[in-house]
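If you want the building blocks of each chain, they are given just below.
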Amino acid sequence: MSSTTAVAGKNYLTDPKGIGSWIYTLDHKRIGLLYLVSVLFFFLVGGIFALLVRLELWSPGQTVMSADTYNKAFTYHGTMMVFMVIIPMIPAAIGNFVLPLMLGAKDVAFPRLNLLSYYIFMAGALLGVGTLFFKGVDTGWTFYTPYSTKTGSAAAMMVMAAFVMGFSSILTGLNFITTIHKLRAPGQGWTKLPLMCWALYATSLLQLLATPVLALTLCLMAMERVFNIGIFDPALGGDPVLFQHFFWFYSHPAVYIMVLPAMGVINEVIPVFSQKPIFGYKAMALAVFGIAAVAFIVWGHHMFTSGQSATAGFIFSLITMFVAIPTGIKMFSWLATMYKGTLRFQAPMLYAYAFLFVFLIGGLTGVVLATMAADIHLHDTYFVVAHFHYVMVGGTLMGFMAGIHYWWPKMFGKMYSEGAAKLAWFFVFMGFNVTFFPQFIAGSQGMPRRYYDYVAEFTIWNQVSTVGSWMIGVGFVISAIYLMASLVGGRKASDNPWQALGLEWQTSSPPPTENFLVDPVVTHGPYDYDKVAA
Amino acid sequence: MPMSGGLWGTIPIAASEAAHAWDALWYFLFAVCVVFFVIVVVPMVWFAIAYRDKPGRRASGPSHNLPLEVIWTAIPTVIVMVIFVWGWLVYKKMELDIPPDAMEVHVVAQRWSWSFQYDDGRITTNQLFVPVNKPVKLILTSKREDVLHSFFVPNFRVKKDTVPGMYTTTWFRAQIVGQHQIFCTEYCGTGHSAMLAKVVVLDEENWKLWKWGKDVELPPAIGLGSYQLPTTAASLDATSTLASNKQGTVSLSKEGEKLFQTRGCVACHSGAAGSIGPDLHGVFGHEVELTDGSKVLVDENYIRESILQPQKKVVKGYEGVLMPPYMGQFTDMELNALVSYLKELK
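My aim in this report is to walk through the structure given alongside it, one point at a time. All figures in this text were calculated on a predicted structure; none of them were measured in a lab. (Residues numbered from 1 in each chain as written. Chains lettered and ligands numbered in written order. Predicted model: local features only at pLDDT ≥ 70, side-chain atom pairs only at ≥ 80, totals over all residues. Heavy atoms only, no water.)

### With respect to the overall build of chain A
Turning to step 1, where the next piece is worked out: When you go through chain A residue by residue, the secondary structure sums to 16 helices and 2 strands.
Turning to step 2, where the next piece is worked out: Against the globule reference of 24 Å for 534 residues, chain A gives a C-alpha radius of gyration of 23 Å, in line with a compact fold.
Turning to step 3, where the next piece is worked out: The buried share of chain A, taken over its 534 residues, is 68%.
Turning to step 4, where the next piece is worked out: Summarising the internal contacts of chain A: among those between residues at least 6 apart in sequence, 83% fall at separations of at least 24.
Turning to step 5, where the next piece is worked out: Seen as two clouds, the 27 positive and the 21 negative side-chain charges of chain A have centres 10 Å apart. (Helix = DSSP H or I, 4+ residues; strand = E, 2+ residues; numbered from the N terminus. Rg over C-alpha atoms; globule rule 2.2 N^0.38 Å. Buried < 20%, exposed > 50% of the residue type's maximum accessible area, 1.4 Å probe, protein only. Contact = heavy atoms within 4.5 Å. Lys, Arg positive; Asp, Glu negative; His and termini not counted. Charge placed at Lys NZ, Arg CZ, Asp CG, Glu CD.)

Written out as structure tokens, the structure reads:
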């Protein structure tokens, strides 16, 4: 591998120089970093909204803000975290950086489209944030009609923002699929494709096929607001439940857009830190597509109490049960991968462990909620809030943290402080469970979600939860400090600090602009730790 | 009187017939979750200890094992199917198997209060009065110009969205005398978390008193909800002609009949020879054929839709008969009364 080491001092971070070389860059690695910085900024803002929400819920009645302010706080927390953080967090930020490297390619298939996607995303995101200057939005991230067509006009702007960001998602999906098909290194057949790439492939399919439905729905909503055409508003002869069907037709696949890439990251981290081949490669790849396929036909499980017919509920409940099967296969296969491995508990592996633990609880409670009768009592309570935070935060955020700690040395050529990383992990992981586990209990006892005020019986669970939110906050502040410190004073990272077999570790850290000085040829599978010494 | 439910109080007290069936399912789900949690977490901890990287240790172990993979696909499949079937059976009991003798109450939600309309024509706000051990069928809607709400009684495991312009139904048989908390569980804006109410379950004697319009002493709160009704009770359906009828002197179907006579319905729907519109006697609960040959069941929703938007589903033989749409001309409570009347029109 020595021949691929870049000329000293020349890498994608430093060459070329100047602000223009970043904002007009066509380099997938730089675009990945642009996404990363933007997403982390929105994560900070969304996180502050989360802390405000939890602070208000410290005690019943008014604590620090009015009901209307609270409604806006949870709406911004939800919309920002979903559309501006969790959806682009892994595919657009990490995926952009690692996908071409993992394929041994110089860039994605359409570099200009890639840059355009970023700016479309930013345009949408700024439009969304801009609603704050027009009295804000209080609809919740689901925009349910007829509330959303009756409340202030900023709601239309936020809907527009989601519409615009959707296009970014569609274009990125298209770009990734083409890249995976066309730009794999010689020798990298479909069975030698890293599972992260399979996960990004399945995610891209979902983005490409589901997002247009959201766009159409939001268009219909705009037409109703502007031209008074009755589509969703019963006062105009429309049907509000129809909106829920359309919305969840996109937003349920979106949940898998959020979590499949995280599974991809875990697929990379666990074999490396066990120094063992991934267990059941083919089943793992198939499971991702199984989940993606089922994703399209389960949306009605969000609507068991909506007035949807019992027959529809029956079918949606039945199909939803099958999501558990491929998910279970992945869970067990990760365990089997670690069995008799040589496990190293550095930060990426700690986050992979956190992912397994948290996603397990999220998945099991998902089966509970898919059960029609159980959902009648639990729907729209804190049980659901806890469940989807376990899946979306537990899944996506833990996956993201695993990924960012895993590829950080490759991205910046620097190592972070492992001790500080372990400390932060402790706060993030413990804080997460302290925040969200009590919400299962409050929810099954009957506390509805989106409640500004609550009956006194729920006080204790809310206070534990609020303390947990502070722990998560501390964890991320520590993370931000040691990661930024590593950029300035961090130890230089070697090209392959984790002894990994993926192609991205065969080039220098950080990689040169063209990724590989010598075009790589793939001679072994990405997880052949039993055959090849990394 | 126990005040909290099973599993160390993590679920509410079970105060209705269906709640017991729900609880049994819940215990099963809880057990399945605990078992699978242990199956995954115990190996995670064990591997972290036993297979920690040490100098000289080399990784071994299989990279695939077909029998194992078949087992961990097949067993969860069987388990989720059991869960599904059980979940469906309990759902059916909770939502679909409404006893035919159930007492009907119309629920009208608006931002941010609940109104209840009884068969005797009485209307109450934020207090739903029902007798103990008798089935009660709820026919729910939001006011047409309002938003979605959801009617949730944790103690009964009852939850149903109220949708403007549409009826939804659910039912319960309350088993514990007392006041049971009602929450709104579909986000509806500023007053969402203050949209609280109580189901007041009365024993037989008090129920009779209440039916006669006498004052009854309110029974104690059961389980959740130390909450007291706000002194400024939310307004009733003020524009309704029914608002004066709080005492229940005229039954709901009689109110409907009055509307039927005075708002012009009877001119075309009297059922007399030569009537312009279809005869409405005895149609409720039966299927009718439409102009396009399809069939529709005459239920609450169809009656409501045919009043508000009569051209949407026209009965065969009445092509070209242009009944004017009554959208905006009846309040939701008046519509409930009309529906109640047509139901009883044999």
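### Things to note about the interface of chain B and chain A
Turning to step 1, where the next piece is worked out: Facing 83 residues of chain B, the contacting portion of chain A comprises 85 residues.
Turning to step 2, where the next piece is worked out: Together, the buried faces of chain B and chain A total about 7,200 Å²; carbon and sulfur atoms form 71% of this surface.
Turning to step 3, where the next piece is worked out: Summed over the shared surface of chain B and chain A, the number is 0 salt bridges.
Turning to step 4, where the next piece is worked out: Seen at the junction of chain B and chain A, the total is 24 residue pairs in polar contact (both at pLDDT 80 or more). (Buried area = accessible area lost by both parts, 1.4 Å probe. Salt bridge = Lys/Arg side-chain N within 4 Å of Asp/Glu carboxyl O. Polar contact = N/O pair within 3.5 Å; in protein donor to acceptor, adjacent residues only side chain to side chain.)

### As for a nonpolar patch on the surface
Residues and elements named next belong to chain A.
Turning to step 1, where the next piece is worked out: A contiguous nonpolar surface patch, about 840 Å² in accessible area, is contributed by Phe41, Leu44, Ile48, Leu51, Leu52, Leu55, Trp58, Val64, Val467 and Trp470.
Turning to step 2, where the next piece is worked out: Counting residues per element, the ones that place at least two in the nonpolar patch are helix 2 (28-56) and helix 16 (459-489).
Turning to step 3, where the next piece is worked out: At 6 residues, helix 2 tops the list of elements feeding residues into the nonpolar patch.
Turning to step 4, where the next piece is worked out: Inspection of the secondary structure assignment puts tryptophan 58 in the loop between helix 2 and helix 3 (67-103). (Patch = residues over 30% accessible without salt bridge, like charges linked within 9 Å, V, L, I, M, F, W, Y side chains within 5 Å. Areas by Shrake-Rupley, 256 points an atom, 1.4 Å probe, with all protein chains shown as cover.)

### Some thoughts on the pattern of salt bridges
Turning to step 1, where the next piece is worked out: Per the stated rule, a full pass over the model turns up 26 salt bridges over all chains.
Turning to step 2, where the next piece is worked out: Close ionic contact of lysine 106 of chain A with aspartate 519 of chain A constitutes a salt bridge, the shortest N to O distance being 3.3 Å. Linking lysine 106 of chain A in the loop between helix 3 and helix 4 (111-130) with aspartate 519 of chain A in the segment after strand 2 (491-492), this pair joins segments that are 413 residues apart in sequence.
Turning to step 3, where the next piece is worked out: The residue lysine 160 of chain B makes a salt bridge to glutamate 95 of chain B at a minimum N-O spacing of 2.7 Å. Here lysine 160 of chain B, found in strand 7 (residues 158-162), pairs with glutamate 95 of chain B, found in helix 3 (residues 66-96); they are 65 residues apart in sequence, far enough to count as distant.

### Quick look at the sheet that holds strand 10 (residues 197-202) of chain B
In a beta sheet, neighbouring strands pair by backbone hydrogen bonds and run either parallel or antiparallel.
All names here are of chain B.
Turning to step 1, where the next piece is worked out: Pairing is mixed in the open sheet, where 5 strands are placed in the order 4-10-9-6-7. For this open sheet the edge positions go to strand 4 (127-131) and strand 7, each flanked by a neighbour on one side alone. Geometrically, the sheet is characterised by an average inter-axis angle of 25 degrees between neighbouring strands, direction not taken into account.
Turning to step 2, where the next piece is worked out: By the bridge criterion, 5 bridges tie strand 9 (residues 178-184) to strand 10 in an arrangement that is antiparallel. If you follow glycine 178 over to strand 10, its bridge partner there is valine 201. (Pairing = 2+ DSSP bridges. Axes fitted to C-alpha atoms, helices over the stretch in contact; angles between N-to-C directions.)

### Looking at the environment of valine 153 of chain B
Residue and element names in this part refer to chain B.
Turning to step 1, where the next piece is worked out: Locating valine 153 in the fold gives a position in strand 6 (residues 149-153).
Turning to step 2, where the next piece is worked out: In sequence terms valine 153 and valine 107 are 46 residues apart; their C-alpha atoms lie 13 Å from each other.
Turning to step 3, where the next piece is worked out: Beyond its immediate stretch of four places on either side in the chain, valine 153 contacts Val158, His180, Gln181, Ile182 and Val199.

### Focus: the pairing of strand 6 of chain B
All names here are of chain B.
Turning to step 1, where the next piece is worked out: Of all the 5 residues making up strand 6, 5 are buried; the element is thus mostly covered by neighbouring parts of the structure.
Turning to step 2, where the next piece is worked out: Residues of strand 6 alternate between two faces, with His149, Phe151 and Val153 on one and Ser150 and Phe152 on the opposite face, all of them buried.
Turning to step 3, where the next piece is worked out: Remark: 4 residues form the turn of the hairpin made by strand 6 and strand 7, two consecutive strands paired antiparallel; arginine 157 in that turn has positive phi of roughly 55 degrees.
Turning to step 4, where the next piece is worked out: Bridging between strand 6 and strand 9 involves 2 bridges; their strand directions are antiparallel. Each residue of the ladder has a partner; that of phenylalanine 151, found in strand 9, is cysteine 184.

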